[in-house]
Structure formats: structure tokens, C-alpha cells
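# Survey of secondary and tertiary structure
Listed here are the chains, written in short residue letters.
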Amino acid sequence: MAAQKINEGLEHLAKAEKYLKTGFLKWKPDYDSAASEYGKAAVAFKNAKQFEQAKDACLREAVAHENNRALFHAAKAYEQAGMMLKEMQKLPEAVQLIEKASMMYLENGTPDTAAMALERAGKLIENVDPEKAVQLYQQTANVFENEERLRQAVELLGKASRLLVRGRRFDEAALSIQKEKNIYKEIENYPTCYKKTIAQVLVHLHRNDYVAAERCVRESYSIPGFNGSEDCTALEQLLEGYDQQDQDQVAEVCNSPLFKYMDNDYAKLGLSLLVPGGGVKKKAAAPPQATPKGHAAPAAEDEEDEYAGGLC
């Protein structure tokens, strides 16, 4: 079966080459027919699991379409070549071709298809190169945002934010979450804004930036319904515990269902959050003790009396 498919692919390649030849009566190559034959060859090689040959046929098909100024079809062929590389576990090279395809989709005026291609590339590379995946998801979000498809844009930004948190790139994560929050506010999805505020606070506290965390909560009071919500109350308790170096209070808040059932990456941030100073609570200042007039105040109990053992 495989040998039959390989022979079929080779026949299509030979036909394609004939369409590209010129002669005395044929001055211009027939790029359209050649591209069609290359496409058929790619399918035959793919069915035979000859992915290298299938990839080469896809690339030839793409070039033929480009020569014919059929950008959309060229982009499709480049994307297919990328998928053949994926089958060969050559993921960085696959992503490179899919990126090229997405640029051609944009040039052709089909941004939705470009965005879907970029998202696919991000999923391919996510476990191998998270940094590249973040870049691809952010690019996808930009394409959707330019098309005013904000719900799709914010979904992709969310993927980028979680990868940044997973990679402990907290400075970038804080900016990414803020962008998410701004979009959710714009589309009036206020409950999700509250959840993004929790994520922001956790990220800032892991950055050891209490001031930024407190500012996030303060700024969120302007979001309808936030003040007095369980999210707001929990964050105020969290910040109080963190500021007082009360590890028990922080742990209690972070182990509450509100925090534990967030996206896994943020839930982990909560469970691993440690207060500064090793969890030793700040001591409240003791009020001054009144003493009768003319009598000296007694020494503090915890101060040692150097003469307690008597004189030698």
C-alpha cells in the first residue's frame, strides 16, 4: 500500500514538472496546474507516511501558488508543510513555516485564518519552548484585538499570562494580566476582573512588591461590584496578613476555595506564598504603663537583672 502511494506521489511530481516546462509554443509555466499536482503528491506521500517527501511537495506547491499570486493557497501549502515537520518532531522548523503562512494570510486580508494558524503554532511549541509560545499567543491576541474580537484576544492573552507565571517571569506576567483585566473591563465582564485582580496580587507578592499589590486592590474599587465582594474581602485579609507577617492568615486565605479553584498556575502561587521575615508576626507596640508619681517605672520583664544572682 505504501509503495503504491509513493509511486502515485512520484507520478504527480512528474506531471507538475511538465506543467512548469516552457517551450516554443508554451512561453509561460502553468503554475496553477503544477500547484495542483504538487498538492496531490503531498497527499500521496503523507498517506504513505513519507513526511519528508510530503513536506517537500508542499513547499513546491507553495512556491507555485506564490508565482501565480495566489497568496491564500500558498499560505495553506506552507502551513501543511509545517504540519509535516510536526509529524517528524521538528517543532521549531514547523512553527517557522506556520508563522510564514500566518503572515501571508494577513497580507491576503484573512486575519482570522492568520490568528488560528498562530494559535496552532503556539500549541505545538508550548511544551518545548514556552517563551516562543508566549510570543505567538501575544501575536494572536494582537491580530484578534485589531479585528475588535476582544473575547478571543483576551483568551489568548490569558494563555500567555499563565505561561509567564509558570516560567516565573513575574514582571511580564503582571503586565500581561493587567492587559487582560483592561479588556474584561471594556467588555464589562466584571466578575472576571475580580479574579484577575487576585492573580495580579499573587504575582506582585511573589515579586515582593507589596505596594504594587495594594495598589491593584485600591484601583479595583472603581470596578462595579468589587468593593464588598468576597474577592475584595479575601484580598484585604491577604494583604493584611502579608503586611503583618502572619503566615497563618495568609495560608488560610490562599487555601480558601476562592483561591484554590483558580487556574492551576495561580492556585500554586497562592499555596507557595510566604510572608517576609519567615512568618514571625510583627509585635504591636505596648501602651506606656502609668506609674504613681515619684516612683520609677519597673524594668521590662524580659530584661535581665545583671545583679539577680547577688554580688560576688
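For the structure itself, look to the data block above.
Described in the following lines is the structure provided in the data block. (Residues numbered from 1 in each chain as written. Predicted model: local features only at pLDDT ≥ 70, side-chain atom pairs only at ≥ 80, totals over all residues. Heavy atoms only, no water.)

## Digging into the pattern of salt bridges
In this structure the tally under the stated criterion is 20 salt bridges. Salt-bridge contacts for Lys132 lead to Glu99; the nearest nitrogen and oxygen are separated by 2.9 Å. One end of the pair, Lys132, is in helix 7 (residues 130–146); the other, Glu99, is in helix 5 (residues 91–108), and 33 residues separate them in sequence. A residue is classified by how much of its surface remains accessible, and Glu99, at 18% relative accessible area, is buried. Linking Arg207 and Asp209 is a salt bridge whose minimum nitrogen-to-oxygen distance equals 3.4 Å. Classification of Arg207 as partly exposed rests on a relative accessible area of 29%. Several salt bridges converge on common partners, so that one network encompasses Glu52, Lys55, Asp56 and Lys90. (Salt bridge = Lys/Arg side-chain N within 4 Å of Asp/Glu carboxyl O. Helix = DSSP H or I, 4+ residues; strand = E, 2+ residues; numbered from the N terminus. Buried < 20%, exposed > 50% of the residue type's maximum accessible area, 1.4 Å probe, protein only.)

## Examining helix 10 (residues 190–206)
If you check helix 10, its first and last C-alpha atoms are 25 Å apart, about what 17 residues at 1.5 Å a residue would give, namely 24 Å. Helix 10 sits mainly inside the fold: 13 of its 17 residues count as buried. Directly after helix 10, the chain includes Asn208, whose backbone phi takes a positive value near 60 degrees. (Expected span 1.5 Å × (residues − 1).)

## Structural notes on the environment of Leu202
Along the polypeptide, Leu202 turns up in helix 10. When the C-alpha positions of Leu202 and Leu238 are compared, they lie 9.5 Å apart, and in sequence the two are 36 residues distant. When neighbours within four sequence positions are excluded, Leu202 is seen to be in contact with Leu238, Cys254, Phe259, Tyr266, Leu269, Gly270 and Leu273. (Contact = heavy atoms within 4.5 Å.)

## Looking at helix 3 (residues 51–67)
Taking 1.5 Å per residue as the helical rise, helix 3 with its 17 residues ought to reach 24 Å, and the 24 Å between its terminal C-alpha atoms agrees with that figure. Along helix 3, the residues classified as buried are Phe51, Ala54, Lys55, Ala57, Cys58, Glu61, Ala62, Ala64 and His65. Contacts from the buried residues of helix 3 go to helix 1 (2–20), helix 2 (31–47) and helix 4 (71–87). Phi for Arg69, located one or two positions after helix 3, is positive at around 60 degrees.

## Section: the side chain of Lys55
As for its position among the elements, Lys55 is in helix 3. Among the polar contacts made by the side chain of Lys55, one reaches the side chain of Glu52 at a distance of 2.9 Å. Ignoring anything within four residues of it in the chain, the contact list for Lys55 reads Ala81, Met84 and Leu85. (Polar contact = N/O pair within 3.5 Å; in protein donor to acceptor, adjacent residues only side chain to side chain.)

## A word on the packing of aromatic side chains
A complete count under the given rule lists 4 aromatic pairs for this structure. Plain terms: the ring middles of Tyr210 and Tyr242 are 6.2 Å apart, the flat faces sit at 5 degrees to each other, and that makes the pair stacked. Linking Tyr210 in helix 11 (residues 210–220) with Tyr242 in helix 12 (residues 230–243), this pair joins segments that are 32 residues apart in sequence. Overall, the relative accessible area of 21% leaves Tyr210 in the partly exposed class. By relative accessible area, which is 5% here, Tyr242 ends up buried. (Phe/Tyr/Trp six-rings, centres within 6.5 Å; stacked < 30°, edge-to-face > 60°.)

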